[in-house]
Amino acid sequence: MKIQEIEENNWGDILEIQDEAYHEFGPEDLDVLKSKQSASPETCFVCISDQDDILGYLLAHPWHGSQPPKLFEPLPDIWHSDSLFLHDMAVSSRSKGQGIGRSMMAELIKVSVQKGVKRITLVAVQGADSFWSLLGFKEISGANISPSYGENTVLMEKVLTA
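Looking at the largest pocket, its volume works out to about 650 Å³. If you go around the largest pocket, you meet 33 residues; those closest to its centre are Tyr22, Met89, Ala90, Ala128 and Trp132. Every element with two or more residues in the lining of the largest pocket is listed here: helix H1 (11-21), strand E4 (83-91), helix H3 (100-115), strand E5 (119-124) and helix H4 (129-134). Here the lining of the largest pocket takes six residues from E4, the largest share from any one element. In terms of residue class, the lining of the largest pocket is built from 18 nonpolar, 10 polar and five charged.

Turning our attention to the side chain of serine 35. Residue placement: serine 35 occurs in helix H2 (residues 30-39). Residue classification places serine 35 among the buried positions, given a relative accessible area of 15%. A polar contact of 2.6 Å, which involves the side chain of serine 35, links it to the backbone oxygen of valine 32.

This next bit is on H3. The terminal C-alpha atoms of H3, which comprises 16 residues, lie 23 Å apart, in line with the 22 Å expected from a rise of 1.5 Å per residue. Three or more residues of H3 are buried, namely Ile100, Gly101, Met104, Met105, Leu108, Val111 and Ser112. Projection of H3 onto a plane perpendicular to its axis shows the buried side chains occupying an angular sector of 130°, all on one side. Contact partners of the buried residues in H3: strand E1 (2-5), strand E2 (44-48), strand E3 (54-62), E4, E5 and H4. Immediately downstream of H3, the backbone of glycine 116 shows phi near 85°, a positive value.

Rules behind the numbers
- Residues numbered from 1 in each chain as written.
- Predicted model: local features only at pLDDT ≥ 70, side-chain atom pairs only at ≥ 80, totals over all residues.
- Heavy atoms only, no water.
- 1 Å grid on protein atoms, 1.4 Å probe; cavity = no way out; pocket = protein on both sides within 12 Å on 5 of 7 lines; lining within 4 Å.
- Points joined across faces, edges and corners; volume = space filled by probe spheres on them.
- Helix = DSSP H or I, 4+ residues; strand = E, 2+ residues; numbered from the N terminus.
- Nonpolar A, V, L, I, M, F, W, Y, C, P; charged D, E, K, R; others polar.
- Buried < 20%, exposed > 50% of the residue type's maximum accessible area, 1.4 Å probe, protein only.
- Polar contact = N/O pair within 3.5 Å; in protein donor to acceptor, adjacent residues only side chain to side chain.
- Expected span 1.5 Å × (residues − 1).
- Arc of directions from axis to C-beta.
- Contact = heavy atoms within 4.5 Å.

The structure is reproduced here in structure tokens:
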């Protein structure tokens, strides 16, 4: 398998994986997802099998401030930030347990350090905070998270070192 930047022909598979992954809220529109990639193509990936199947995807983009962006809305223009927001990472149900999420995160961290990013934040949904904790993310208490993320959400961050 290989990890690469998203290409135009990958979006159909990304939408399918997104739809199967999120049962607490509906999928985001293609334009919303593409706004994340437009903001930072080098921090948006797909994991592709040796047979060219999309196994998972990751969308991360620059972000300012302590409140995460709302779901279902295109990303506003952000010119420069030393922080990234990991908007979404999902793995196909038929590919779970193969280390795909960890591999995509390792690639994101590598690219982030090269870009001078100091921290990555995310909103853990559907009980995924335990997974993110295993990858070194820590909860940010008292966070103001949009209700669009669903219930039982946790804002988390990982501070990067060069």
